[in-house]
Amino acid sequence: MYTESELRMIGMKCLSDRLGPVDAERFIVSMNRNAGDYTLARREVFDDMSVDEFRKSSREYMDSHPLPPETVARIEAFKAQNDQN
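In what follows, the accompanying structure is described. Model, not experiment: these values are computed from the prediction.

Further remarks concern the overall build of the protein. Within the protein, the secondary structure is distributed over 5 helices and 0 strands. In sequence order, the secondary structure elements of the protein are arranged as α-α-α-α-α. Scaling as 2.2 N^0.38, a compact globule of 85 residues should have a C-alpha radius of gyration of about 12 Å, whereas the protein reaches 20 Å, well beyond that. Considered along the principal axes of its C-alpha atoms, the protein spans approximately 55 × 40 × 25 Å. Sorting the 85 residues of the protein into buried and exposed places 6% on the buried side. Working note: accessible area of the protein is about 7,900 Å², and carbon and sulfur atoms make up 57% of it.

Take the pattern of salt bridges next. Summed over all chains, the structure comprises 7 salt bridges. A salt bridge links D47 to R43, with the nearest nitrogen and oxygen atoms 3.5 Å apart. Exposure remark for D47: the relative accessible area of 48% places this residue in the partly exposed category.

Taken together, the side chains of Y61, M62, L67, V72 and I75 make up a nonpolar region of the molecular surface, amounting to roughly 420 Å² of accessible area. For the nonpolar patch, the elements supplying multiple residues, two or more each, are α4 (51-64) and α5 (69-84). Mapped onto the secondary structure, L67 falls in the loop between α4 and α5. Given a relative accessible area of 40%, L67 falls into the partly exposed group.

Cut-offs used in this document
Residues numbered from 1 in each chain as written. Predicted model: local features only at pLDDT ≥ 70, side-chain atom pairs only at ≥ 80, totals over all residues. Heavy atoms only, no water. Helix = DSSP H or I, 4+ residues; strand = E, 2+ residues; numbered from the N terminus. Rg over C-alpha atoms; globule rule 2.2 N^0.38 Å. Buried < 20%, exposed > 50% of the residue type's maximum accessible area, 1.4 Å probe, protein only. Areas by Shrake-Rupley, 256 points an atom, 1.4 Å probe, with all protein chains shown as cover. Salt bridge = Lys/Arg side-chain N within 4 Å of Asp/Glu carboxyl O. Patch = residues over 30% accessible without salt bridge, like charges linked within 9 Å, V, L, I, M, F, W, Y side chains within 5 Å.

Pasting the structure below:
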């Protein structure tokens, strides 16, 4: 496990190598700007979306990221158990 200082140094190097120093810094600033304000972050993403656009985007995401079989099995078991009650 890395120390916090090592993690920051390695993370910044990875970001800088991939994005360049300016965009790496912009990324960090954008993360700090929204840190802790989940509602604001969600509004920035979803405020301009209609309900239909949101549904379509959600469906596309689910289609391209299917649940693992063990998760599906747990969901089905939960449903079956609750149908009996």
